[in-house]
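Chains, contacts and geometry: an overview
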Amino acid sequence: VKEHGHDGWQFFSETLQEQAKQRLTIINGLRTAIERQELSALFQPIVTAETGRIAGAELLLRWQSASGPVSPAVFIPVAEMTGAIVPIGLWVFREACRAEAEWRHRWGETAPYVSVNVSARQLNEASLADEFAAILLESGADPTRLLLEITETSLMADVETNLRILRRLADLGLRVAVDDFGTGYSSLAQLTRLPVNVLKIDRAFVDGIEKSEESRTIIRAVIGIGRSLDLKLVAEGVETAGQHRELCTYGCDMIQGYYFHRPLDEKTFAEVFEREHTQ
Ligand code: C2E
Ligand code: CA
Ligand code: CA
Ligand code: CA
């Protein structure tokens, strides 16, 4: 320690201490986030590629902690580690069900479907399917209009276990999407065994469409896989007209990204949807 000099060592230890402190603040804060009503949901429109019209929405969680907003990229991994994601995930699913029922009541069959993220840690809870079933019942949501997004990495981490859980969720009528597809390692044989309805092409490949032949090749291959397995394809992170155009020529079904819409609070989402549907 001495060789690094007093100042250098002190700086190093303070940084680590600072990091540990921040982490503790997040861990503690997450425990009471629900009861303090610090969680909220944004809805990012998902549009039909051909028409650009809203077909669905992904629920994206936001946390306004006592010490300010914390990004999901920061608090979700911590919540997964501590297990706080289990009650938070139920809160999220309840919000998704409430939105689905309300929107369908208001807009009928043209109402958007609701996509909701489910983490691997939630899938490990033996009670998950029962809790989802109870929430579906009390909310009156239509399970076939709810899409559970599970990352490719968590799906493929334990295919046997997930197969059993996904079958139970599918029996409830819920739909399943493979999120961040292309970043993990799916074997096609395993993919065909899982009750999956949608592939979401990861933003990293969409990002490369106009820059790298490799990204284009991967996207075309993923769309080919999706087609042959009779799955719907959603591209995420679409930011430019060029990306949208390419994805259309490849035959991608749906688009999500800042080029069309950012994540919106529910009131704004409803306004945007109604404006679009009264034109
Ligand atoms: P994700 O599931 O891949 O969600 C998509 C992320 O990309 C969102 O970030 C969204 O705001 C962002 N995004 C959408 N369009 C664009 C675009 O055109 N360009 C760029 N640069 N970004 C775009 P967000 O909301 O910060 O969420 C980050 C991650 O946190 C999510 O990635 C998901 O893994 C996790 N997350 C968010 N909400 C939940 C939740 O309710 N439960 C769980 N388990 N995880 C969640
Ligand atoms: Ca997602
Ligand atoms: Ca994603
Ligand atoms: Ca992602």
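- The protein appears in an unreviewed UniProt entry as Diguanylate cyclase from Parazoarcus communis SWub3 = DSM 12120.

**Observations concerning the coordination of the calcium ion (ligand 3)**
- Every protein donor of the calcium ion (ligand 3) is accounted for by Asp179 (OD), Asp180 (OD), Glu236 (OE) and Glu236 (OE), and the metal-donor separations fall at 2.2 to 2.4 Å.
- Separating the calcium ion (ligand 3) and the calcium ion (ligand 2) is a distance of 3.7 Å, and Asp179 donates to both of them. Of the two residues, Asp180 sits in strand S6 (residues 175-181) while Glu236 sits in strand S8 (residues 232-236), which places them 56 residues apart along the sequence.
- Exposure remark for Glu236: the relative accessible area of 12% places this residue in the buried category.

**Some details on the site of ligand 1**
- If you check the shell around ligand 1, you find 21 residues, and the closest are Gln44, Arg62, Arg203, Glu239 and Tyr258.
- Asn117 places a side-chain nitrogen or oxygen 3.1 Å from an oxygen atom of ligand 1.
- Within the contact set of ligand 1, an oxygen atom lies 3.1 Å away from a side-chain nitrogen or oxygen of Asp179.
- Contact with the protein chains hides 83% of the accessible area of ligand 1, taken as 800 Å² for the molecule alone.
- Elements with a minimum of two residues in the shell around ligand 1: strand S2 (54-65), helix H2 (72-82), helix H3 (85-107) and S6.

**Re unusual backbone geometry**
- Residues other than glycine seldom take positive phi values, yet Gln37 does so here, at roughly 55°.
- Within the secondary structure, Gln37 is located in the loop between helix H1 (6-32) and strand S1 (39-48).
- Residue class for Gln37 comes out exposed when judged on its relative accessible area of 70%.
- One non-glycine residue, Asp230, lies in the positive phi region at around 65°.
- By the element assignment, Asp230 lies in the loop between helix H10 (213-228) and S8.
- Residue class for Asp230 comes out exposed when judged on its relative accessible area of 70%.

**Some points on the state of the cysteines**
- Under the defined criterion, the tally for this structure stands at zero disulfides.
- Cys252 supplies the cysteine sulfur nearest to Cys248, a cysteine that is in no disulfide, at a spacing of 7.8 Å.

**Considering the environment of Ala126**
- Relative to the assigned elements, Ala126 resides in the loop between helix H4 (120-123) and helix H5 (128-139).
- Taking the C-alpha atoms as reference, Ala126 lies 11 Å from Thr161; in sequence the two are 35 residues apart.

**Focus: the nonpolar core**
- Counting 80 residues, the largest nonpolar core has Phe93 and Leu169 as the members making the most contacts within it.
- At twelve residues, the largest contribution of residues to this core is made by H3.
- In this structure, Leu169 is in contact with Leu123, Leu128, Ala129, Phe132, Leu148 and Leu174, ignoring residues within four places of it in sequence.
- Counting seven residues, the second-largest nonpolar core is a separate cluster that includes Tyr113, Ala177, Val198 and Val234.

**Regarding the pattern of salt bridges**
- For the structure shown, the criterion picks out 19 salt bridges.
- Where Lys200 meets Glu58, a salt bridge forms, and the shortest distance between an N and an O atom there is 3.0 Å. Linking Lys200 in strand S7 (residues 198-201) with Glu58 in strand S2, this pair joins segments that are 142 residues apart in sequence. Taken individually, Lys200 and Glu58 each receive the classification buried, so the pair is uniform in this respect.
- Lys211 is the partner of Asp207 in a salt bridge, and the nearest nitrogen-oxygen pair spans 3.7 Å.
- Overall, Asp207 belongs to the partly exposed group, its relative accessible area being 35%.

**Focus: the environment of Val92**
- Within the secondary structure, Val92 is located in helix H3.
- We classify Val92 as buried; its relative accessible area is 8%.
- Residues Val92 and Gln44, spaced 48 residues apart in sequence, show a C-alpha to C-alpha distance of 15 Å.
- Look past the residues within four positions of Val92 in its chain and what remains in contact with it is Leu59, Leu61 and Val116.

**Quick look at the packing of aromatic side chains**
- Enumeration over the complete set of coordinates arrives at eight aromatic pairs.
- Plain terms: the ring middles of Phe93 and Phe132 are 3.7 Å apart, the flat faces sit at 10° to each other, and that makes the pair stacked. Placement of the pair is Phe93 in helix H3 and Phe132 in helix H5, with a sequence separation of 39 residues.
- Looking at Phe132, the relative accessible area reads 1%, which means it is buried.
- Geometrically, the ring pair formed by Trp103 and Trp107 is tilted, given 6.1 Å between the ring centres and 40° between the ring planes. Linking Trp103 with Trp107, this pair stays in helix H3, spanning four residues, or about one helical turn.
- Assessed through its relative accessible area of 14%, Trp107 is described here as buried.
- Put simply, the rings of Phe43, Trp103, Trp107, Phe269 and Phe273 pair up and form one aromatic cluster.
- Above the ring of Tyr258, the side-chain terminus of Arg262 is found at 3.9 Å from the ring centroid.

Rules used throughout
- Residues numbered from 1 in each chain as written.
- Chains lettered and ligands numbered in written order.
- Predicted model: local features only at pLDDT ≥ 70, side-chain atom pairs only at ≥ 80, totals over all residues.
- Heavy atoms only, no water.
- Donors = N, O, S within 2.8 Å, 3.2 Å for Na, K, Ca; no water.
- Helix = DSSP H or I, 4+ residues; strand = E, 2+ residues; numbered from the N terminus.
- Buried < 20%, exposed > 50% of the residue type's maximum accessible area, 1.4 Å probe, protein only.
- Near = heavy atom within 4 Å.
- Polar contact = N/O pair within 3.5 Å; in protein donor to acceptor, adjacent residues only side chain to side chain.
- Areas by Shrake-Rupley, 256 points an atom, 1.4 Å probe, with all protein chains shown as cover.
- Disulfide = S-S within 2.5 Å.
- Core = buried A, V, L, I, M, F, W, Y, C linked by side-chain atoms within 4.5 Å.
- Contact = heavy atoms within 4.5 Å.
- Salt bridge = Lys/Arg side-chain N within 4 Å of Asp/Glu carboxyl O.
- Phe/Tyr/Trp six-rings, centres within 6.5 Å; stacked < 30°, edge-to-face > 60°.
- Lys NZ or Arg CZ within 6 Å of the ring centre and 35° of its normal.

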